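# Residue-level structural notes
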Amino acid sequence: NPIAYLPVFYIFNGLIRGRNLEEIRLKAHMEYWTTLTYIWKVWVPISVIQFALVPERHLVLSTALANLGWNMMLSLLYNQRGGQ
């Protein structure tokens with residue numbers, strides 16, 4: 001969710017790394033649209049595939065696995081320049 005998840009992700013990761021709110025805001029501002037594009041590229045196809053092919057009883061598991069992969073990818077994107 002670009003309205004809630006991304007800001008919380010950037011704030012949490014920035015605070016963990018000891019950044020102040022202005023540094024966090026600048027990093028989020030510089031990377032927001034790139035990250036949002038990744039969200040669309042990843043989650044739209046995953047959602048279509050899940051609802052078209054995954055049985056209802058397995059949706060929670062498939063969503064959890066997709067979230068695990070997404071969080072790893074987002075972490076790599078966040079840290080690709082040494083966390084700058």
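Report follows, based on the coordinates. None of these values were measured; they are calculated from a predicted model. (Residues numbered from 1 in each chain as written. Predicted model: local features only at pLDDT ≥ 70, side-chain atom pairs only at ≥ 80, totals over all residues. Heavy atoms only, no water.)

## Side note on the packing of helix α1 (residues 5-16) against helix α3 (residues 59-78)
To be explicit about the condition: Comment: axis = line fitted to C-alpha atoms, over the contacting stretch for helices; angle = value between 0 and 180 degrees taken between N-to-C directions. To qualify as a helix, a DSSP run of H or I must reach at least 4 residues; to qualify as a strand, a run of E must reach at least 2; elements of each kind are numbered from the N terminus. Every angle not falling under 35 degrees, over 145, or within 65 to 115 is termed oblique; those three ranges are roughly parallel, roughly antiparallel and roughly perpendicular. For a crossing to be left-handed, the near helix must be turned anticlockwise from the far one by less than a right angle; the clockwise case is right-handed. Contacts: residue pairs with any heavy atoms within 4.5 Å of one another. When residues are grouped by polarity, Ala, Val, Leu, Ile, Met, Phe, Trp, Tyr, Cys and Pro land in nonpolar, Asp, Glu, Lys and Arg in charged, and all others, Gly among them, in polar.
Orientation of α1 relative to α3, taken along the N-to-C sense of each, is 55°, at an axis distance of 12 Å. Taken as axis vectors, α1 and α3 run oblique relative to one another. The two elements α1 and α3 meet at a crossing, and its hand is right-handed. Contacts between α1 and α3 pair Tyr-5, Phe-9, Tyr-10, Asn-13 and Gly-14 from the former with Trp-70, Asn-71, Leu-74, Ser-75 and Tyr-78 from the latter. Broken down by class, the residue content of the contact of α1 with α3 amounts to 6 nonpolar, 4 polar and no charged.

## Notes on α3
Going by this rule: Multiplying one less than the number of residues by 1.5 Å gives the expected span of a helix. The rule is simple: take the accessible area with a 1.4 Å probe, protein chains only, and divide by the maximum for that residue type; under 20% is buried, over 50% is exposed, in between is partly exposed. Summarising the geometry, the arc corresponds to the directions from the helix axis toward the C-beta atoms.
Here α3 spans 28 Å end to end across 20 residues, near enough to the 28 Å set by a 1.5 Å rise per residue. Of the residues making up α3, those classed as buried are Leu-59, Ser-62, Ala-66, Trp-70, Leu-74, Leu-77 and Tyr-78. Relative to the axis of α3, the buried residues are bounded by an arc of 130° and lie together on one face. In α3, those exposed residues whose orientation departs by more than 90 degrees from the buried face are Leu-61, Leu-65, Leu-68, Met-72 and Leu-76. Packed against the buried residues of α3 are α1 and α2 (21-53).

## Here's the deal with α2
We count it as follows: At every residue, the bend is computed as the angle between two fitted axes, covering the seven residues ending there and the seven beginning there respectively. Under this definition, polar contacts are N or O atom pairs within 3.5 Å; protein pairs additionally need one hydrogen-donor-capable and one acceptor-capable atom, and for neighbouring residues in sequence, both atoms have to be side-chain atoms.
Within α2, the axis deviates most sharply at Tyr-32, by approximately 50°. Restricting attention to buried positions, one finds in α2 the residues Ile-24, Lys-27, Ala-28, Glu-31, Thr-35, Leu-36, Ile-39, Val-42, Trp-43 and Gln-50. Buried-residue contacts for α2 involve α1 and α3. A side-chain oxygen of the first residue of α2 lies 3.0 Å from the backbone nitrogen of Glu-22; this N-cap is Asn-20.

## Some details on a nonpolar patch on the surface
Put simply, the test is: Patches here are clusters of residues that have more than 30% relative accessible area and form no salt bridge, with a 9 Å joining cutoff for like charges and a 5 Å cutoff for nonpolar side chains (Val, Leu, Ile, Met, Phe, Trp, Tyr). Residue-level accessible areas treat just the shown protein chains as cover; the underlying method is Shrake-Rupley with a 1.4 Å probe. By definition here, a salt bridge exists when the distance from a side-chain nitrogen of Lys or Arg to a carboxyl oxygen of Asp or Glu is within 4 Å.
Together, Trp-33, Trp-40, Val-44 and Val-48 make up a nonpolar patch on the protein surface, roughly 480 Å² of accessible area in all. Within the element layout of this structure, Trp-33 appears in helix α2. Residue Trp-33 is classed as exposed on the basis of its relative accessible area of 58%.

## Concerning the nonpolar core
Put simply, the rule is: Here the nonpolar core consists of buried residues drawn from Ala, Val, Leu, Ile, Met, Phe, Trp, Tyr and Cys, with membership extended through side-chain atoms lying within 4.5 Å.
The biggest cluster of nonpolar side chains holds 14 residues, and the ones touching the most others in it are Phe-9, Tyr-10, Ile-39, Trp-43, Trp-70 and Leu-74. Broken down by secondary-structure element, the contributors of at least two residues to this core are α1, α2 and α3. Counting residues per element, this core draws most heavily on α2, at 6 residues.

In short, shape yes, function no, at least from these values alone.
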